[in-house]
Number of protein chains: 2
Amino acid sequence: MKRSITKFLAVLFLFASVAYAADPLPSWNDGAAKKSIITFVGKVTTPGSPDFVPVEERIAVFDNDGTLWNEEPLPVQLFFVIDRVKALAPQHPEWKTQEPYASLLKGDPKGVMASGERGLVDLIMATHTGMTTVEFEQIVKDWIATAKNPQTGKLFTEMTFQPMLEVLAYLRASGFKTYIVSGGGIEFMRAFAERVYGVPPEQIVGSSVKTKFEMRDGNPVLVRLPELNFNDNNAGKAIGINQYIGRRPIMAFGNTTGDKEMLQYTQGGSGARFELLVLHDVATRETAYGPARGLPNVPLAHFTPELDAYAQQNGWTVVSVKNDWKTIYPSQP
Amino acid sequence: MKRSITKFLAVLFLFASVAYAADPLPSWNDGAAKKSIITFVGKVTTPGSPDFVPVEERIAVFDNDGTLWNEEPLPVQLFFVIDRVKALAPQHPEWKTQEPYASLLKGDPKGVMASGERGLVDLIMATHTGMTTVEFEQIVKDWIATAKNPQTGKLFTEMTFQPMLEVLAYLRASGFKTYIVSGGGIEFMRAFAERVYGVPPEQIVGSSVKTKFEMRDGNPVLVRLPELNFNDNNAGKAIGINQYIGRRPIMAFGNTTGDKEMLQYTQGGSGARFELLVLHDVATRETAYGPARGLPNVPLAHFTPELDAYAQQNGWTVVSVKNDWKTIYPSQP
């Protein structure tokens with residue numbers, strides 16, 4: 001039985017390779033970045049190749065914010081925080097004078113920033129906890145169905161990166177399991193990632209709060225508690241990959257210093273490995289950031305000159321959005 | 001492309017169903033338990049059935065100790081602890097007088113038990129932490145390749161339950177993803193579960209310690225720390241399922257009170273659900289335990305009269321090993 005399934009899968013992947021032989025990445029300009037992806041996938045999926053990797057070990061991990069979708073002027077989840085504080089404010093009259101809620105409600109970002117990391121954690125806990133996991137999923141689904149980027153007027157889900165959607169599809173058709181490994185909330189992403197990226201809930205790794213099991217009127221529920229469970233940023237990404245996936249990826253995709261350890265951890269395995277960073281060197285101020293290569297330094301997202309140098313030294317592919325991508329967003333979302 | 005893959009998968013699963021049409025569970029006696037499994041799988045996988053469940057939502061979770069393999073006279077991981085303490089003792093002369101190590105080295109289980117839960121945690125941390133994740137995996141792989149049950153003289157990996165191996169294979173051939181959700185160590189199980197059960201590392205949920213990311217001579221490693229990260233027992237199983245899988249299972253299999261919340265959580269979802277408990281009512285004292293139905297009460301593993309009653313009230317399948325299973329262990333491991 002197992003042998004027959006293996007044979008069927010072999011046919012399936014052969015079919016997939018043939019179908020993609022034309023151009024698996026049509027939104028990518030011909031160049032070193034595109035070539036590096038296709039060359040790598042070719043060598044790990046060709047039976048008999050010295051770099052061949054069995055299907056079960058084809059794990060690829062992707063950062064989300066700034067790698068799979070736009071993260072400017074703020075990561076999408078922070079817009080969710082803002083909208084939820086506004087929606088919940090009538091039930092919290094004390095927020096009118098209590099920081100950082102007061103500044104947020106007045107639309108004063110500097111006032112919010114003044115309360116530091118502690119203030120940000122307060123805002124996240126006030127908007128992300130106290131409800132069941134099922135309730136939270138519905139809140140996110142309802143919000144993301146209509147929430148728009150204030151600079152472009154597009155739905156956030158219309159601002160996924162078309163070239164990266166093609167990479168996800170190409171890898172899956174080549175027998176890879178594609179995972180998201182993001183500093184964002186794991187249950188926030190699970191509410192839309194399957195629809196938007198084709199990545200199922202069990203292939204999302206992210207930051208999380210603790211939950212508590214309760215029977216309510218005979219029904220089992222998990223209640224979201226205002227206590228951090230896991231911070232999936234920086235070294236947390238390597239730790240999260242081991243904890244959730246338990247297998248070292250062979251490909252990793254990121255876009256900021258927060259992804260460095262994830263790419264290092266991927267590269268540290270034996271056999272063929274691939275690491276890629278997206279550099280947003282586009283002309284419009286709204287989405288360009290470094291500070292590498294003289295690009296603007298924006299809050300929260302950073303591609304530093306040190307990261308740039310480290311990538312060069314270690315053979316990581318650096319994607320120039322300006323030169324490597326024909327289009328950024330899907331034309332028909 | 002996506003449509004073609006779907007078509008191929010449909011053919012694949014059709015093929016699988018045909019192949020299994022004869023008898024997917026040959027080691028099960030005909031009876032209510034076997035019938036309940038086959039009836040459930042039939043109704044959730046038959047297109048057009050009112051209970052049909054799409055492939056991506058076919059998640060089944062299995063406890064490990066006592067559900068997929070024998071856990072008497074002690075869970076396998078505790079034999080690992082004992083053997084590791086003995087192997088490490090020459091490097092720890094202080095253990096000769098320090099409890100619970102001294103009692104363990106003298107082969108005095110009562111002395112070990114006298115140090116309580118704190119003592120057990122000490123033993124686990126001393127044997128499971130301080131090394132990298134890669135080193136730990138190798139230690140477990142080396143150990144389990146030769147470690148034997150002291151009562152039967154069989155390899156622990158030869159004492160998997162043949163009827164449950166058939167359930168795993170049957171469900172996978174029916175489009176299910178099969179997960180292990182165990183109180184045992186996640187990285188302990190990952191070292192052999194793919195070989196022994198066909199369950200890959202990313203489909204294991206278990207208890208864990210915290211890890212730390214470090215660069216050692218330019219190589220990224222994760223060091224296992226003597227600090228509990230997650231306790232995947234009782235309510236922890238429902239919490240772990242949500243945290244790791246992010247989707248509510250439609251089938252759950254366990255064998256003790258520690259699995260109750262996992263089965264409750266599974267049953268709490270909408271649509272068709274299936275819950276099963278294995279009751280070890282076999283004649284030999286070595287592996288029988290309750291204390292339900294007058295069976296012996298053994299240390300660590302418990303199937304209580306209350307659990308038995310709860311299962312009956314809630315329509316859970318209770319497997320009588322004595323009556324429902326033709327064989328227990330694989331004849332050709």
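Look up: the structure comes first, before these words.
Residues numbered from 1 in each chain as written. Chains lettered and ligands numbered in written order. Predicted model: local features only at pLDDT ≥ 70, side-chain atom pairs only at ≥ 80, totals over all residues. Heavy atoms only, no water.

K.L.:
Before we move on, can you summarise the overall build of chain A with the specific residues and values?
P.N.:
Within chain A one finds 14 helices and seven strands. Rg of the C-alpha trace for chain A: 21 Å, near the compact-globule value of 20 Å for 333 residues, within the 12% margin. Each principal axis of the C-alpha atoms in chain A carries an extent, and together these give about 65 × 55 × 35 Å. Scored against the burial criterion, the 333 residues of chain A give a buried share of 55%. Here the contacts in chain A between residues at least 6 apart in sequence split such that 63% fall between residues at least 24 apart. Only carbon and sulfur atoms are counted for the fraction: they give 55% of the accessible area of chain A, which is about 14,300 Å². Taking the average location of the 33 positive side-chain charges in chain A and that of its 35 negative ones, the two points are 4 Å from each other. (Helix = DSSP H or I, 4+ residues; strand = E, 2+ residues; numbered from the N terminus. Rg over C-alpha atoms; globule rule 2.2 N^0.38 Å. Buried < 20%, exposed > 50% of the residue type's maximum accessible area, 1.4 Å probe, protein only. Contact = heavy atoms within 4.5 Å. Areas by Shrake-Rupley, 256 points an atom, 1.4 Å probe, with all protein chains shown as cover. Lys, Arg positive; Asp, Glu negative; His and termini not counted. Charge placed at Lys NZ, Arg CZ, Asp CG, Glu CD.)

K.L.:
Account for the pattern of salt bridges, naming residues and giving values.
P.N.:
Scanning the entire structure with this criterion turns up 26 salt bridges over all chains. Among the salt bridges present, the one from Lys141(B) reaches Glu137(B), with a minimum N-O distance of 2.9 Å. Taken as a pair, Lys141(B) and Glu137(B) lie in helix H7 (residues 133-144) at a separation of four residues, close to a single helical turn. Between Glu187(B) and Arg224(B) there is a salt bridge, with its nearest N and O atoms 3.4 Å apart. Placement of Glu187(B) in helix H9 (residues 186-190) and of Arg224(B) in strand E4 (residues 219-230) is noted, with a sequence separation of 37 residues between them. Judged by its relative accessible area of 14%, Glu187(B) is buried. Taking the relative accessible area as the measure of exposure, Arg224(B) reaches 6% and is therefore buried. Linked through salt bridges whose partners overlap, the residues forming this network are Lys177(A), Arg247(A), Glu194(B) and Glu202(B). (Salt bridge = Lys/Arg side-chain N within 4 Å of Asp/Glu carboxyl O.)

K.L.:
Before we move on, could you go through the sheet that holds strand E7 (residues 317-320) of chain B and cite the residues and values that matter?
P.N.:
Strand pairing in a sheet takes place through backbone hydrogen bonds and is either antiparallel or parallel in direction. Residues and elements named next belong to chain B. With mixed pairing, seven strands are arranged side by side in an open sheet as E4-E3-E2-E1-E5-E6-E7. Both outer strands of the open sheet, E4 and E7, are each paired with one neighbouring strand and no more. In this sheet, adjacent strand axes meet at a mean angle of 30° when their direction is disregarded. (Pairing = 2+ DSSP bridges. Axes fitted to C-alpha atoms, helices over the stretch in contact; angles between N-to-C directions.)

K.L.:
Could you give an account of the pairing of strand E2 (residues 177-185) of chain A, naming the residues involved and the relevant values?
P.N.:
Residue and element names in this part refer to chain A. When you tally the buried positions in E2, you get seven out of nine residues, the bulk of the element. Here strand E1 (residues 59-62) runs beside E2; their pairing, made up of four bridges, is parallel. Its bridge partner lying in E2, Ala60 is registered against Thr178. Direction of pairing for E2 relative to strand E3 (residues 204-216): parallel, over a ladder of three bridges. Pairing of Val181 across the sheet is with Val205, part of E3.

K.L.:
Report on helix H12 (residues 260-267) of chain A, specifying residues and quantitative values.
P.N.:
An α-helical segment advances 3.6 residues per turn. Residues three or four places apart therefore align on the same side. H12(A) sits mainly inside the fold: six of its eight residues count as buried. For H12(A), the complete set of buried residues consists of Glu261(A), Met262(A), Leu263(A), Gln264(A), Tyr265(A) and Thr266(A).

K.L.:
Outline the sheet that holds strand E7 (residues 317-320) of chain A, supporting the account with residue identities and numerical values.
P.N.:
All names here are of chain A. As summarised here, the arrangement of the seven strands in space is E4-E3-E2-E1-E5-E6-E7, forming an open sheet in which the pairing is mixed. Pairing within the sheet leaves two strands with one partner each, and these edge strands are strand E4 (219-230) and E7. Recorded for the sheet is a direction-independent mean angle of 30° between the axes of neighbouring strands.

K.L.:
Which residues make up the packing of aromatic side chains, and what values go with them?
P.N.:
Enumeration over the complete set of coordinates arrives at 35 aromatic pairs over all chains. Between the aromatic rings of Phe40(B) and Phe274(B), the centroid separation amounts to 5.5 Å while the plane-to-plane angle is 40°, which identifies the pairing as tilted. Note that Phe40(B) is positioned in helix H2 (residues 32-45) and Phe274(B) in strand E6 (residues 274-279), a separation of 234 residues in sequence. Assigned by exposure class, Phe40(B) and Phe274(B) land together as buried. A cation over an aromatic ring shows up here: Lys260(A) above the ring of Tyr310(A), its NZ or CZ 4.3 Å from the ring centre. (Phe/Tyr/Trp six-rings, centres within 6.5 Å; stacked < 30°, edge-to-face > 60°. Lys NZ or Arg CZ within 6 Å of the ring centre and 35° of its normal.)

K.L.:
I'd like to hear about the environment of Glu275(A), residue by residue, with values.
P.N.:
Residue and element names in this part refer to chain A. Along the chain, the position of Glu275 falls in strand E6 (residues 274-279). Sequence-wise, Glu275 and Phe79 are 196 residues apart; in three dimensions their C-alpha atoms are separated by 30 Å. If we skip the residues at most four places from it in the chain, Glu275 touches Ala252, Leu263, Thr266, Gln267, Trp316 and Thr317.

K.L.:
Could you give an account of the environment of Pro296(B), with specific residues and numbers?
P.N.:
Checked against the element boundaries, Pro296(B) lands in the loop between E6 and helix H13 (305-313). Separated by 10 residues in sequence, Pro296(B) and Glu286(B) place their C-alpha atoms 9.9 Å apart.

Remember that the coordinates give geometry; whether it matters functionally is a separate question.
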